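# Summary of structural features
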Amino acid sequence: ISDSLIEINNRIADHLSDMGFQLPERSQRSPHMFGATIPGRYKGNLVAELDKRKIYISQRGDSVRFSPHLHITDHDLKRLLETLDGLLK
């Protein structure tokens, strides 16, 4: 389970890093969830925008938390990452 979740989270984290999110080093992240600081250029409500699209994450201050489940598919990941790209362009 841990190996599967870390693979999913690393895919998300790598994409977020490329988009300008700040993340802890891989060695500092747990396999089942991680947080990322939203880029300062984004002034919207990221959680609310994702929620409208039935993508659910939580927010603590200026950081968001990703904790995908094992049933996440490649389609789900693609939809998340494309949606984030569209919101933060």
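Scroll up to find the structure.
In this report, we go over the structure that sits alongside the text. (Residues numbered from 1 in each chain as written. Predicted model: local features only at pLDDT ≥ 70, side-chain atom pairs only at ≥ 80, totals over all residues. Heavy atoms only, no water.)

With that out of the way, let us pick up the side chain of arginine 29. Considering the arrangement of structural elements, one finds arginine 29 in the loop between helix H1 (2–19) and strand E1 (34–37). Summary of buried charges: arginine 29 has no salt-bridge partner, and the nearest side chain of opposite charge, aspartate 14, is 5.1 Å away. If sequence neighbours within four positions are ignored, arginine 29 has contacts with Asn10, Ala13, Leu23, Pro24 and Phe34. (Helix = DSSP H or I, 4+ residues; strand = E, 2+ residues; numbered from the N terminus. Buried < 20%, exposed > 50% of the residue type's maximum accessible area, 1.4 Å probe, protein only. Lys, Arg positive; Asp, Glu negative; His and termini not counted. Salt bridge = Lys/Arg side-chain N within 4 Å of Asp/Glu carboxyl O. Contact = heavy atoms within 4.5 Å.)

Our next topic: the pairing of E1. Side chains Phe34 and Ala36 project from E1 onto a buried face, and the interleaved Gly35 and Thr37 project onto a face without burial. Here E1 pairs with strand E3 (residues 63–66) via 4 bridges, running antiparallel. Note that in E3 the partner of glycine 35 across the bridge is arginine 65. (Pairing = 2+ DSSP bridges.)

Any link to function would need more than the numbers given here.
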